[in-house]
Amino acid sequence: MAEDGEEKLLATVQHIVKTLGRTDTMTEDILKVFSNYDGRLSLDKLYATRAAAAAAAVAAAGGAGAGEHSVPASPPMPPPPAVPPAVAAMPAVTSLERTVRTLDRQISQFVTMDRLIWADSADADAFLEAVDDLIGTVQELDAAGTNRGLLDRADELLSRCMARLEDEFRALIERPDDVAPPAPGGFASDESEEEDYDADDGYGDEPIPIAKPVSDFDVVIDALPPGSVSDVHQIARRMVDAGFGRECAEAYAAARRGFIDESVARLGIRARTIDEVHSLPWEELEFDIARWIPAFKMVFRILIPSERRLCDRVFDGLAPYGDLAFVAAVRTQVLQLISFGDAVSAASRAPERLFRVIDMYEAVRDLLPDLDPVFADPYSAALRAEVSAVCNTLGSSIKGIFMELENLIRRDPARVSVPGGGIHPITRYVMNYLRAACGSRQTLEEVMEGDLGAVGGAAIAVDPDRPTSSLAVHIAWIMDVLHKNLETKSKIYRDPPLASIFLMNNGKYIIHKVNDSELGVLLGDEWMKQMMSRVRRWSLEYQRGAWAKVMSVLQTGGPGIGSLPAKALLQKLRMFNGYLEEICAIQSEWVIADEQLREDVRAAITDSVKSAYMGLISRLKSSPEAAQDLFIKHSPEDVEARIQHLFEGVSKIEVSGGKMLLGETVWSSQI
């Protein structure tokens, strides 16, 4: 009775299916509803009943035709059970249909799971096996081209598979610990290590942990344990085989981009627009540059090569999707770093920015050769070109900033004199600036020589002892501009001897700075000889201008010229005393900064003045008329002592915030 009831139930279901199932898809859906409703109505039973009914109907029709022309040799068999008309009318089920239905049942169990399939390796293997079968079935149906409806159903099932595979793919990349613990030796953060926190990074109220600087770049980040890499590779292979390679690459990039963004954020880098960079005070921009340089090295020497290595392993043998995934994953942060370099290059060309821009240029230039294997594919070649382009723009900026120094010197007005004729702040600034710049001489030579160190694609070999290089010529031109500017500034001194002291001080300071650095090599011996000759000329001009009337009054005539009367000699002595006190009073505030130069000038004055004074005293003592009224206020030793105390005055220059304010230009007192 139970069997009869089940047969009637199956026949009833088939009748309903026949009545309502206008299409294959509707028929399939109705059968699924009944199979879920009653355990006796499994899909296997429904399919078997449908096939048996169809076969029986065909056999019955054939037997009836044969009976009209033949007689059975044996007693007739009992007739089979009556087949309901609805079942008899259903078409035969093909093997591909049964395969699709079976795969649908298997795959539906996995795609509806509320946990990761890859949390259980057996489930993962079974799911991949079903996916492989489905891919093969779709390819077979597509090749046959005879059952479009079944192909559509298989494609729809494949799309569901790919959607779930994509979810699993991203989860394995983003949360590998949800599936398996990290493998020994894998990359993981060490919470015991100290981290610096900066609460004023502009990211919000929460402090952002800033990674410590890295000096060893021979490091590879294994962001995923080996087991996870194998799993995601298996998924990627299925997605590519199914024609979903681009979707897989996009999923990979989306999953990895968060890790890359967070890694760059931990390096203390924040995105800034060009307008923000241009409006930042130099102190803040310099701070950003100081963070950008190590971050740039870290990203391009460790993070991106590690990302390329991981991408190549995940998409091994699946070109070009690995290249697409890599570019999509790193592009945003690469362009962010490059855009900051471009913005700095286009910002102000104030001379003090030279050294930080040189640091940026050298950081980019030095890693360019290492980028060739990382950005070797056609898809990432554009990023390699972007890095090369920012190197060129930084080089152009260096050249422009360096040349701007010449313009600032030329435009600096002669309005305020340096008390005592001391060293002008512009001289200190320019010489210390050039001396510091020569610390990066190789880089400056490179950017000054034509197309940033290359002509026709070939690198230029910079001769370290070549005084006629572009850099040497430009520095010589700057020195000439500085010399002319100092000569203009010397004219604001009303006392010509003090103007000579001013030029002498600055000239000697220039010589000292040139001798003490590579400027001497760049400018050459001939330039140095000319500069030393100028200093000697200014020294003689000072002596003639400051002591001319003293030397004139000390002249007493010589043999064959005639003797001056005693009264005239005494008058000369009184005039000398007045001149000496006047000169010492005035020139006690003058300064000669260089000790050796100071001693040389004192010695020259002492030799000429002391000997002439001693001659006058001797003439007075030898004259009977003058001897009786002779009063010697200063002995020759006193005169020498007074001269030895000259040129030690202190130059008093108004200093504001550590910078000397002269005219319209602010010259830093130190570099």
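These numbers were taken from a predicted model, which means no experiment stands behind them.

I'd like to hear about the overall build of the protein chain, residue by residue, with values.
Secondary structure summary: the protein chain contains 23 helices and 7 strands in total. Put simply, 78% of the contacts in the protein chain that link residues at least 6 apart link residues at least 24 apart. Just so you have it, the protein chain exposes about 33,900 Å², and 53% of that area is on carbon and sulfur atoms.

Go over the environment of A295 with me, naming the residues and quoting the values.
Topologically, A295 is positioned in helix α11 (residues 282-314). Of the residues examined, A295 reaches a relative accessible area of 2% and is grouped as buried. Counting along the chain gives 32 residues from A295 to S263, while the straight-line C-alpha distance between them is 9.7 Å.

Kindly report on the packing of aromatic side chains, identifying the contributing residues and their values.
Applying the stated criterion across every chain, the model contains 14 aromatic pairs. Ring centres of F169 and F315 lie 6.5 Å apart, and the angle between their planes is 65°; this geometry places the pair in the edge-to-face category. With F169 in helix α7 (residues 148-174) and F315 in the loop between α11 and α12 (321-346), this residue pair connects regions lying 146 residues apart in the sequence. Residue classification places F169 among the buried residues on the basis of a relative accessible area of 0%. Centroid distance Y493 to F502: 5.3 Å. Interplanar angle 45°. Geometry classified as tilted. Here Y493 falls in the buried class, since its relative accessible area comes to 10%. Taken together, the ring pairs in this structure connect W292, F296, F300 and F340 into an aromatic cluster. Above the plane of the ring of F326 lies R308, whose end atom (NZ or CZ) is 4.1 Å from the centre. Sitting above the plane of the Y509 ring, R428 keeps its charged end 5.4 Å from the centroid.

So what's going on with the packing of helix α8 (residues 226-241) against helix α9 (residues 245-266)? Which residues, and what values?
Between α8 and α9, the shortest axis-to-axis distance is 7 Å and the interhelical angle comes to 145°. Counting all contacts with α8, which are made through A236, M239 and V240, the residues of α9 involved are G245, E247 and C248.

A description of the side chain of D123 should follow, citing residues and the corresponding values.
You can see D123 is positioned in helix α6 (residues 121-144). Filtering out sequence-adjacent residues up to four positions away, D123 remains in contact with F110, M113, R115 and I117.

So what's going on with the environment of V601? Which residues, and what values?
Position of V601 among the secondary structure elements: in helix α21 (residues 595-622). Assessed through its relative accessible area of 1%, V601 is described here as buried.

Can you tell me about a negative patch on the surface, naming the residues and giving the values?
Together, D120, D125, E129 and D133 line one region of the surface with negative charge. As for its position among the elements, D125 is in helix α6. With relative accessibility at 54%, the residue D125 sits in the exposed group.

I'd like a description of the packing of α8 against α11, backed by residues and values.
Contact geometry for α8 and α11: axes closest at 8 Å, N-to-C directions at 55°. One finds that α8 runs oblique with respect to α11. On α11, the residues touching P226, V229, V232, H233 and A236 of α8 are L310, R313 and V314.

Mind laying out unusual backbone geometry, listing which residues take part and the relevant values?
The amide bond that connects A319 to the next residue, P320, takes the cis arrangement and shows omega of 5°. Mapped onto the elements of the fold, P320 is located in the loop between α11 and α12. Of note, the phi angle at F647 is positive, near 70°, even though the residue is not glycine. Mapping F647 onto the fold places it in the loop between α23 (636-644) and β5 (655-656).

Tell me about the side chain of N577, and please be specific about residues and values.
Along the chain, N577 falls in helix α20 (residues 566-587). Classification of N577 as buried rests on a relative accessible area of 10%. Not counting residues within four places of it along the chain, the set of residues in contact with N577 comprises Y613, K633 and H634.

I'd like a description of the confidence of the model for the protein chain, backed by residues and values.
Per-residue pLDDT for the protein chain averages 79, and the proportion of residues at 70 or more is 72%. The least confident element of the protein chain is β5, whose mean pLDDT is 33; the most confident is helix α18 (residues 496-515), at 95. Segment residues 61-93 is flagged for pLDDT under 50; beyond a separation of four residues in sequence, or across chains, it makes 25 contacts in the model. A low-confidence stretch, residues 181-218 (pLDDT under 50), is modelled with 55 contacts involving residues beyond four sequence positions or located in other chains.

Parameters at a glance
Residues numbered from 1 in each chain as written. Predicted model: local features only at pLDDT ≥ 70, side-chain atom pairs only at ≥ 80, totals over all residues. Heavy atoms only, no water. Helix = DSSP H or I, 4+ residues; strand = E, 2+ residues; numbered from the N terminus. Contact = heavy atoms within 4.5 Å. Areas by Shrake-Rupley, 256 points an atom, 1.4 Å probe, with all protein chains shown as cover. Buried < 20%, exposed > 50% of the residue type's maximum accessible area, 1.4 Å probe, protein only. Phe/Tyr/Trp six-rings, centres within 6.5 Å; stacked < 30°, edge-to-face > 60°. Lys NZ or Arg CZ within 6 Å of the ring centre and 35° of its normal. Axes fitted to C-alpha atoms, helices over the stretch in contact; angles between N-to-C directions. Patch = residues over 30% accessible without salt bridge, like charges linked within 9 Å, V, L, I, M, F, W, Y side chains within 5 Å. Salt bridge = Lys/Arg side-chain N within 4 Å of Asp/Glu carboxyl O. Lys, Arg positive; Asp, Glu negative; His and termini not counted. Charge placed at Lys NZ, Arg CZ, Asp CG, Glu CD. Parallel < 35°, antiparallel > 145°, perpendicular 65-115°, else oblique. pLDDT = per-residue confidence, 0-100.

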